[in-house]
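Given next are the chains, with one letter for each unit.
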Amino acid sequence: MSDTTNKGGWRLTVAGVALGVSIFTVLWFAAAALGSKFGLWGWQFGLGTMILGWGPGLTFFALGLAVVALIIALIKAPRFQPALLALAALLIALMVFFRIAGFGAQAASLPPIHDVQTDWSEPIALSESLIAQRRSDGALNEVQDDPTIAEGADGRWPGMGGRRVAEVQEEAESERTVDGETVEPAYDRPIEPVYFDQSPGEIASYALQIAEDRGWDIFSRPETGQDVERTTLEATETSTWFGFKDDVAIRIRAVEGATRVDMRSISRVGLSDLGMNARRVSTFMDELESRADGRRQP
């Protein structure tokens with residue numbers, strides 16, 4: 001049977017295989033994440049081995065096969081079906097490739113911390129009950145008042161090992177000069193407290209509503225009465241893909257004629273959080289400020 005009669009022959013087969021491999025690559029990454037989330041394997045295997053270990057090689061193989069399939073599809077007629085399948089394979093492989101590249105660039109640009117809060121000079125303490133819950137769930141990251149970055153971070157982030165998290169977070173929030181060159185802040189905005197005219201109990205109601213709207217699991221509910229002078233909300237957010245759990249503590253108290261809200265967000269596992277905790281604090285405080293007409297100064 002001629003190549004024209006069977007609409008592409010072996011070239012169509014190669015293109016089909018390339019498309020299948022590209023689709024398999026997408027499914028591979030999804031399986032790595034969801035398998036970790038549902039307990040089929042540990043997150044170290046899903047993220048460390050399947051994605052960071054084997055993922056890049058699989059992606060490059062899919063990309064290379066798609067390029068080869070597209071080249072041979074264009075050699076001679078009929079070209080339409082083989083080229084169409086090969087192009088689809090190439091686009092899918094490129095999507096995965098750029099996602100991995102973006103992930104790597106993001107990891108390199110952000111500091112290797114997994115614990116952020118609005119005021120390290122007066123750190124928010126998690127309740128003993130929440131700390132016990134973290135331990136029972138296998139949390140690897142300790143909750144400390146003045147944590148330092150693990151020495152092992154120097155392998156990927158030279159000079160970071162042993163540094164105070166508070167100092168590194170402060171650097172990530174502002175523009176600075178290193179060796180005569182301006183370094184843009186790693187975070188979009190400073191992680192800072194918000195002030196309100198309403199009572200702590202009223203603000204606690206707003207904070208609780210926002211946390212519930214975001215689907216967080218409320219661990220300890222704050223007091224919301226009119227006479228409340230100080231209260232704390234604790235909650236846990238679980239990521240969609242891997243099922244990573246990050247714990248949140250929001251401290252609401254009366255300070256010098258205003259209500260001040262501070263917030264802490266800390267991951268249970270992982271050296272770097274890829275900026276997730278900083279984004280969580282920033283977006284939550286922005287929404288609370290907007291809902292309750294808050295301000296950034298007392």
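This one's a predicted model, so the numbers in the text were calculated from it and none came from an experiment. (Residues numbered from 1 in each chain as written. Predicted model: local features only at pLDDT ≥ 70, side-chain atom pairs only at ≥ 80, totals over all residues. Heavy atoms only, no water.)

1. A look at the overall build of the chain
- Secondary structure summary: the chain contains eight helices and eight strands in total.
- For a compact globule of 298 residues, the expected C-alpha radius of gyration is about 19 Å, and the chain comes in at 25 Å, more than 25% above that figure.
- Reported as C-alpha extents along the three principal axes, the dimensions of the chain are approximately 85 × 45 × 35 Å.
- In the chain, which comprises 298 residues, the proportion classed as buried is 42%.
- Looking at the chain as shown, the accessible area adds up to about 15,200 Å², and 58% of this sits on carbon and sulfur atoms. (Helix = DSSP H or I, 4+ residues; strand = E, 2+ residues; numbered from the N terminus. Rg over C-alpha atoms; globule rule 2.2 N^0.38 Å. Buried < 20%, exposed > 50% of the residue type's maximum accessible area, 1.4 Å probe, protein only. Areas by Shrake-Rupley, 256 points an atom, 1.4 Å probe, with all protein chains shown as cover.)

2. Let's talk about the side chain of Arg260
- Relative to the helices and strands, Arg260 is located in strand S8 (residues 258-267).
- A distance of 3.0 Å separates a polar atom in the side chain of Arg260 from a polar atom in the side chain of Asp119.
- Sequence-distant contacts of Arg260, that is, excluding residues within four places in its chain, are made with Asp119, Pro193, Val194, Tyr195, Arg251, Ile252, Arg253 and Val255. (Polar contact = N/O pair within 3.5 Å; in protein donor to acceptor, adjacent residues only side chain to side chain. Contact = heavy atoms within 4.5 Å.)

3. Section: the nonpolar core
- Residues Ile250, Val261, Met263, Phe284 and Leu288 are the most contacted members of the largest nonpolar core, which totals 36 residues.
- Put simply, the parts of the chain that give this core at least two residues each are helix H6 (165-173), strand S4 (194-196), helix H7 (200-213), strand S6 (230-238), strand S7 (245-255), S8 and helix H8 (276-291).
- No other element matches H7, which puts six residues into this core.
- Other than its neighbours up to four places away in sequence, Ile250 contacts Thr231, Thr232, Leu233, Val261, Asp262, Met263 and Phe284.
- Formed by 16 residues, the second largest nonpolar core is a distinct cluster that contains Ala62, Ala66, Ala86 and Leu90. (Core = buried A, V, L, I, M, F, W, Y, C linked by side-chain atoms within 4.5 Å.)

4. Concerning a nonpolar patch on the surface
- Judged by side-chain polarity, Leu34, Phe38, Leu40 and Trp241 come together as a nonpolar surface patch covering roughly 480 Å² of accessible area.
- Examined against the element boundaries, Leu40 turns out to sit in the loop between helix H1 (9-37) and helix H2 (43-51).
- By relative accessible area, Leu40 is classed as exposed at 63%. (Patch = residues over 30% accessible without salt bridge, like charges linked within 9 Å, V, L, I, M, F, W, Y side chains within 5 Å. Salt bridge = Lys/Arg side-chain N within 4 Å of Asp/Glu carboxyl O.)

5. Remarks on empty space enclosed by the protein
- Summed over all chains, the structure comprises one cavity of 30 Å³ or more.
- Roughly 30 Å³ of volume is contained in the largest cavity.
- Lining the largest cavity are Arg189, Pro190, Ile191, Glu192, Val281, Ser282, Met285 and Arg296.
- Looking at side-chain class alone, the lining of the largest cavity contains four nonpolar, one polar and three charged residues. (1 Å grid on protein atoms, 1.4 Å probe; cavity = no way out; pocket = protein on both sides within 12 Å on 5 of 7 lines; lining within 4 Å. Points joined across faces, edges and corners; volume = space filled by probe spheres on them. Nonpolar A, V, L, I, M, F, W, Y, C, P; charged D, E, K, R; others polar.)

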